[in-house]
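Coordinates in review
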Amino acid sequence: MTHLRKTMLEELQRRNLSKLTAECYVRVVEEFSRYHHRAPDQLGPEQIRQYQAHLFTDRKLDANTVAQHLSALRFFFIKTLKRNWSVEETPYPKRPIRLPDVLSPEEVERLIDSADSRLHRVWLLTLYATGLRREELVRLKVSDIDSARMVLHIHQGKGNQDRNVMLSPRLLEELREYWRWMNPKPKTYLFPGGGRAHATDVPMSAKSVFHAVKNAARRAGLRKRVHPHTLRHCFATHLLASGADLRTIQLLLGHADLKTTSRYLHLSEARLKATPSPLDALTLVKPAKDRSQKR
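The rules behind these values
Residues numbered from 1 in each chain as written. Predicted model: local features only at pLDDT ≥ 70, side-chain atom pairs only at ≥ 80, totals over all residues. Heavy atoms only, no water. Helix = DSSP H or I, 4+ residues; strand = E, 2+ residues; numbered from the N terminus. Rg over C-alpha atoms; globule rule 2.2 N^0.38 Å. Buried < 20%, exposed > 50% of the residue type's maximum accessible area, 1.4 Å probe, protein only. Contact = heavy atoms within 4.5 Å. Areas by Shrake-Rupley, 256 points an atom, 1.4 Å probe, with all protein chains shown as cover. Pairing = 2+ DSSP bridges. Core = buried A, V, L, I, M, F, W, Y, C linked by side-chain atoms within 4.5 Å. Salt bridge = Lys/Arg side-chain N within 4 Å of Asp/Glu carboxyl O. Axes fitted to C-alpha atoms, helices over the stretch in contact; angles between N-to-C directions. Parallel < 35°, antiparallel > 145°, perpendicular 65-115°, else oblique. Left-handed = near helix turned anticlockwise from the far one by under 90°. Nonpolar A, V, L, I, M, F, W, Y, C, P; charged D, E, K, R; others polar. Polar contact = N/O pair within 3.5 Å; in protein donor to acceptor, adjacent residues only side chain to side chain. 1 Å grid on protein atoms, 1.4 Å probe; cavity = no way out; pocket = protein on both sides within 12 Å on 5 of 7 lines; lining within 4 Å. Points joined across faces, edges and corners; volume = space filled by probe spheres on them. Patch = residues over 30% accessible without salt bridge, like charges linked within 9 Å, V, L, I, M, F, W, Y side chains within 5 Å.

Per the secondary structure count, the protein includes 15 helices and 3 strands. Against the globule reference of 19 Å for 295 residues, the protein gives a C-alpha radius of gyration of 24 Å, more extended than a compact globule. Along the first, second and third principal axes, the C-alpha set of the protein runs to 80 × 60 × 35 Å. Expressed as a percentage of the 295 residues in the protein, the buried residues total 41%. Pairs at least 24 residues apart make up 56% of the contacts formed inside the protein by residues separated by at least 6 positions. Element-wise, carbon and sulfur atoms account for 51% of the exposed surface of the protein, whose accessible area totals about 18,300 Å².

If you want it as C-alpha cells, here you go:
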C-alpha cells in the first residue's frame, strides 16, 4: 500500500486538490482495501459493487457519503492505476434533495449562550457572524482580520478559492476580548490547538468545533439537528430574510454556482409568508350546510 499511497498522493497533488480532499480519498481507498483484506490494486468492479452495498446496508451511510466514496475509488482506479471505469457497473446513487435545518434568531441566541466556555462561545459567534465552514474557521489566522476595512480574509477555502466576508463590529469586539483573555497569545492561527499543539502554533482540530456546537445545542435544549454547518445555513437564511440579495450571499458563502445558494429561498420564512397562495385569489362561495350531518 505504501507505493500505491505515494503514487495516489502525487496524482492528487498534481491536480492541486485540497488537503482535505486528498486525505478523504486516501482514507476511502484504505477502508476499501481493509474491507476485502486485499491490496486495492488487486480488486475490481465486483469488489466495488460489494463495497457499495456494504456502505448502504451495514454502515447505513447516506447517498451523498456513498457517492463521495465512489468518487475516491474512481480517482484511484482511473488516475492512479490507469484502469477503465464503467459507469454502468458502478452507478452513482441517486442523491435525495433535502433542505437543511435552520434555527430562528432566538434559537441561535440560545445556542451561543449555552456554549461550554468563552472559547467555544467565540467559535459559535464567528461561525454565525461570517458563514464560515468549519475547516475555514480552524485555519483562520490572526493576519486575516482586517479591522481597517472591517473584513475577514478567507484563504483557499473550498475549491481553493479566496474570498472576503464582512467583519461585524460586534464580532470584532468579541475577538478583541478573546485576544485579551488568551495567554499565551496566538501567533499565527487565531484559534491554535491546545497543549503541545498550542506551543507549536498549529490550528485546532475541526472535531473540537463539532463537539462544541453539539454540546451547546444539547445544553440549549434544541431538538433540531445542529452541527457547525447549521450556523452557516442560519447566516445565509437570516441575511436573505433581512433583504440581502442572492448574488451577495453567494459571494459571501463562496458558492461556485448560484443554484447552490438559491436553496435558501426555500428556507426564508419571511419570503414564504410574503408569497400568497393562489387559493387566496379565488372567490369561492361557501358551501351550504350538509344536511346529512344533521341526521
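With that out of the way, let us pick up the sheet that holds strand E1 (residues 145-146). The antiparallel open sheet is built from 3 strands, whose spatial order is E1-E2-E3. Only two strands of the sheet have a single neighbouring strand rather than two, namely E1 and strand E3 (163-166). Here 4 bridges tie strand E2 (residues 151-154) to E3, and the two strands are oriented antiparallel to one another. From the neighbouring strand, Leu152 faces E3, where its bridge partner is Val165.

As a further point, take the nonpolar core. Residues Leu111, Trp123, Leu124, Leu137 and Phe191 are the most contacted members of the largest nonpolar core, which totals 48 residues. Secondary-structure elements contributing two or more residues to this core are helix H5 (105-113), helix H6 (118-130), helix H7 (134-138), E2, helix H8 (169-181), helix H10 (206-220), helix H11 (228-241) and helix H12 (246-253). Once residues lying within four places of it in the same chain are set aside, the contact partners of Trp123 are Leu137, Phe191, Met204, Ser208, Val209 and Ala212.

Right, let's talk about the pattern of salt bridges for a bit. Side-chain pairs of opposite charge can arise where the charged atoms are in close proximity. Here the structure, examined in full by the defined rule, presents 16 salt bridges. Linking Lys82 and Glu11 is a salt bridge whose minimum nitrogen-to-oxygen distance equals 3.8 Å. Of this pair, Lys82 sits in the loop between helix H4 (63-80) and H5 while Glu11 sits in helix H1 (residues 2-14), and the two are 71 residues apart along the sequence. A salt bridge links Arg163 to Glu136; the shortest N-O distance between them is 2.9 Å. Separated by 27 residues along the polypeptide, Arg163 in strand E3 and Glu136 in helix H7 bring together distant segments of the chain. Of the two residues, Arg163 and Glu136, neither departs from the other in class, the shared state being buried. What you see here is one network of salt bridges that share partners, running through Glu11, Arg14, Arg15 and Lys82.

The geometry of H6 relative to H8 is characterised by a closest axis approach of 10 Å and an angle of 155° between their N-to-C directions. Put simply, H6 runs roughly antiparallel to H8. Judged by the twist between their axes, the crossing of H6 over H8 is left-handed. Counting all contacts with H6, which are made through Arg118, Leu119, Arg121, Val122, Leu125, Thr126, Ala129 and Thr130, the residues of H8 involved are Leu171, Glu174, Leu175, Tyr178 and Trp181. Considering only residue class, the contact of H6 with H8 consists of 8 nonpolar, 2 polar and 3 charged.

What follows deals with the side chain of Glu107. Among the structural elements, Glu107 can be located in helix H5. Looking at Glu107, the relative accessible area reads 17%, which means it is buried. A polar atom in the side chain of Glu107 sits 2.9 Å from the backbone nitrogen of Ser104.

So, on to the layout of surface pockets. Put simply, the second largest pocket is a space of about 460 Å³. Along the walls of the second largest pocket sit 18 residues, with Val108, Ile112, Leu125, Tyr128 and Arg170 positioned nearest its centre. Within the residue set of the lining of the second largest pocket, elements represented by two or more residues are H5, H6, H8 and H11. With 5 residues, the top contributor of residues to the lining of the second largest pocket is H5. Grouping the amino acids of the lining of the second largest pocket by side-chain chemistry returns 10 nonpolar, 3 polar and 5 charged.

Here we come to a nonpolar patch on the surface. A cluster of nonpolar side chains, namely Leu279, Leu282 and Leu284, defines an oily patch on the protein surface of about 340 Å² accessible area. Relative to the elements of secondary structure, Leu284 occurs in the loop between helix H14 (269-274) and helix H15 (291-294). By relative accessible area, which is 64% here, Leu284 ends up exposed.

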